[in-house]
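Remarks on the overall topology
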Amino acid sequence: MAETVFVESTPPTSRGRDLDLVVSAVRIPMRRSFSHAAHARDNAESVLVRCRIGDVTGWGEGAPRPYVTGETMAGARQALTGESSLFLLEQLAGLWASGAAFKAGPQALAALDIPRMLGGLQRAPAAAAALETALLDVWCRLFDRPLRDVVRAVVPSLGHTHGLLAEEPRPQPVTLVADLAKARGSVAAALTPASAAALRHVKLKASAEPTDTARRARELRAELADAGAGQATFSVDANAAWTGEQSLLAADLLGGVADWLEEPTAPRRWEQLRRIRERTGMPVMLDESAVDVGDVETAAGLGAADSVNLRVSKCGGLLPALKVAAAARRCGLRLQVGVQVAEVGPLWVAGRVLATELADLLAVEAGRQDEWFDPPLTEPPYRIDRTRHLAPVPEGAGLGVEPSPTLRAHGVDTG
Ligand SMILES: [Mg+2]
């Protein structure tokens, strides 16, 4: 990994208090590329926020993607370097100095709309995710509490959340994702008998062509069955690349092959999404179409969805993601916890907290950071049990991970 390009910007003034906040943008080459119908990626691109209260530091991450939330790296950076970021840090530091209880910090942040604060008319969820995660990390570290305790602190205030959380956090089975950059046959061939038997879900990234996608889906399902993974459920993600007609065709062709179709057509085409469900019977999972509670309630009200893919950066942070999860549950929609490709550190931890806290998930994605980044970007490193396809419960105070020497060597100021 030779290059990292952007670097940090501006701490605004800290007005004499013992705190500071730094925004960085990082671009790190991946060891192999990842591609789907909307984008091919061979670099991790994230905005990072480091904040400090006294001698305690927290860090956070957002993944701005124009094709997901309309945000660019430059725009997210700009949103974060305005006055609002330091203002929120000062609020939190004041709360800490007042002797407030642990739950007061997360509850205060949960009462705000940080994507709106940072972005104004053009909400900025990825920027907000970076800031919120850093604030929650520093808050948890001040109290020596894990990030998952934030979830338990705010969920009771979200209303009608019976059954939303698991009784206790558990390692979660993770999805195997087959993207367009993987050679045919390589997915099933990489499975051992033990890992095939443990596999719960496989997701295929669609190409721009429904017929080609359906053929690949049938081939992959047959390969998986031959490899001993016939029990795994199967989905196809089109990343909003198809027209309404193409989506209907794909849903027809994938009948009996896919268990659900993720974001088949342009985001928020509610009528088309409903038509797919009604005409073909194929369940529809929303991803790019569902970034906030309003999207979920609209989709459910119009009969346009069966489930929602929850992603921390897309939703604006862990707390807004919990609100989306609660809304989905209230509306009778199922949930998947997903990722942005090549999350650097804070985002994958926050996603994993969601995945290990929420009950009754359709599927959980975790990324392949162990393949994409070597040496690792965090200490302790990203880890998945690839034999049992299990993501462990995050440990330690706050996020429980620190930037590795490799990440620091990329010129990023992460404390
Ligand atoms: Mg998706």
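Computed from a predicted structure; not experimentally measured. Each chain carries its own residue numbering, running from 1 in the written order of its sequence. Predicted model: local features are reported for residues with pLDDT of at least 70 only, side-chain atom pairs are reported and counted for 80 or more only, and whole-chain, interface and lining totals are derived from all residues. Only heavy atoms go into the side-chain values, all of them from the structure, while hydrogens and water stay out.

Attention shifts here to the nonpolar core. In this structure, Val-236, Leu-254, Leu-310 and Leu-358 are the most contacted members of the largest nonpolar core, which totals 129 residues. Ranked by residues supplied to this core, first place goes to helix α5 (residues 125-143) with 11 residues. Boundaries between domains were set according to an automatic or database domain assignment. A domain split of this core shows at least three residues from each of domain 1 (19-154) and domain 2 (160-399). Working rule for contacts: check all heavy atoms of both residues, and any pair within 4.5 Å makes them a contact. In this view, Val-236 contacts Leu-204, Ala-206, Thr-213, Ala-217, Trp-242, Leu-254, Ala-258, Trp-260, Leu-261 and Glu-262; residues no more than four positions away in its chain are not counted. Definition used in this section: a nonpolar core is a set of buried Ala, Val, Leu, Ile, Met, Phe, Trp, Tyr and Cys residues joined via side-chain atoms within 4.5 Å. We call a residue buried when its accessible area falls under 20% of the maximum for its residue type, exposed when it is over 50%, and partly exposed in between, using a 1.4 Å probe and counting protein chains only. Numbering of helices and strands runs from the N terminus; a helix is a DSSP stretch of H or I covering at least four residues, while a strand is a stretch of E covering at least two.

Time to look at the state of the cysteines. Formally, a disulfide is one covalent bond, and it connects the sulfur atom of one cysteine to the sulfur atom of another. Cysteine sulfur atoms that come within 2.5 Å of each other are treated as a disulfide pair. Scanning all chains against the criterion turns up zero disulfides. A disulfide-free cysteine, Cys-315 has its sulfur positioned 14 Å from the sulfur of Cys-331, the nearest such atom. What makes Cys-315 buried here is its relative accessible area of 3%.

Metal donors were taken as nitrogen, oxygen and sulfur atoms no farther than 2.8 Å from the ion, or 3.2 Å where the ion is Na, K or Ca. Water is excluded, so coordination may look unfinished. Coordination of the magnesium ion by the protein is provided by Asp-237 (OD), Glu-262 (OE) and Asp-287 (OD), with metal-donor distances spanning 2.1 to 2.4 Å. Considered as a linear motif, the donors of the magnesium ion on their single chain read D-x24-E-x24-D. Taken together, the positions of Asp-237 in strand β7 (residues 233-237) and Glu-262 in strand β8 (residues 260-262) put the pair 25 residues apart, joining distant regions of the chain.

The subject of this paragraph is the pairing of strand β2 (residues 40-53). The buried fraction of β2 is high, at 12 of 14 residues. Taken together, the 13 bridges between strand β1 (residues 19-35) and β2 define a ladder with antiparallel strand orientation. Its bridge partner lying in β2, Ala-25 is registered against Val-47. Any two strands are treated as partners once DSSP identifies two or more bridges connecting them. Between β1 and β2, which pair antiparallel in sequence order, lie four residues. Between the end of β2 and the start of strand β3 (residues 56-62), which pair antiparallel, lie two residues, with Gly-54 showing a positive phi angle near 60°.

Take helix α1 (residues 73-80) next. Along α1, the positions that sit buried rather than exposed are Met-73, Ala-76, Ala-79 and Leu-80. An end-on view of α1 places all buried positions within 130° of arc, on one side of the element. Relative to its buried face, α1 has exposed residues pointing more than 90 degrees away, namely Ala-74 and Gln-78. Contacts from the buried residues of α1 go to β1, β2, α2 (83-97), α4 (114-119) and α5. Of all possible arcs, the one meant is that of the directions from the helix axis to the C-beta atoms.

Empty space left among the atoms is revealed by rolling a probe the size of a water molecule over them. Points on a 1 Å grid, built from protein atoms alone, make a cavity when a 1.4 Å probe fits but cannot get out and make a pocket when they are open with protein on both sides within 12 Å along at least 5 of 7 lines; residues with an atom within 4 Å of a point are the lining residues. Grid points are joined across faces, edges and corners, and a volume is the space filled by probe spheres set on the points. Under the defined criterion, the tally for this structure stands at four cavities of 30 Å³ or more. Computed from the structure, the largest cavity encloses a volume of approximately 330 Å³. If you trace the largest cavity, you find 30 residues lining it, with Phe-34, Lys-205, Val-339, Val-341 and Glu-365 closest to the centre. Put simply, the parts of the chain that give the lining of the largest cavity at least two residues each are β1, β5 (176-178) and β6 (201-205).

Pairing of aromatic rings covers Phe, Tyr and Trp, the last through its six-membered ring, and needs centres within 6.5 Å; plane angles under 30 degrees mean stacked, over 60 mean edge-to-face, and all others mean tilted. In total, this model carries four aromatic pairs according to the counting rule given. An angle of 80° between the planes, with centres 5.5 Å apart, marks the rings of Phe-102 and Phe-143 as edge-to-face. Taken together, the residues span a long stretch of sequence, with Phe-102 in the loop between α2 and α3 (104-110) and Phe-143 in helix α5 at a distance of 41 residues. Exposure remark for Phe-102: the relative accessible area of 5% places this residue in the buried category.

Taken domain by domain, the protein consists of domain 1 (19-154) and domain 2 (160-399). Look at where the C-alpha atoms of domain 1 and domain 2 centre, and you get two points 23 Å apart. Residue-level contacts link 49 residues of domain 1 with 55 residues of domain 2. A 1.4 Å probe defines the accessible area here, and the buried area is the portion of it lost by two parts on being joined, summed over both. Summed over both partners, the interface of domain 1 with domain 2 buries about 4200 Å², with 64% contributed by carbon and sulfur atoms. Between Lys or Arg on one side and Asp or Glu on the other, a salt bridge is scored when a side-chain nitrogen of the former is within 4 Å of a carboxyl oxygen of the latter. The interface formed by domain 1 and domain 2 includes two salt bridges. Between Glu-357 and Arg-152 there is a salt bridge; the shortest N-O distance is 2.5 Å. Polar contacts, as counted here, are pairs of nitrogen or oxygen atoms within 3.5 Å of one another; within protein the pair requires one atom able to donate a hydrogen and one able to accept it, and residues that are adjacent in sequence qualify only if both atoms are side-chain atoms. Our count for the domain 1 to domain 2 interface comes out at 15 residue pairs in polar contact (both at pLDDT 80 or more). Of all the secondary-structure elements, those providing two or more residues to the side of domain 1 that touches domain 2 are β1, β2, β3, α3, α5 and α6 (148-154).

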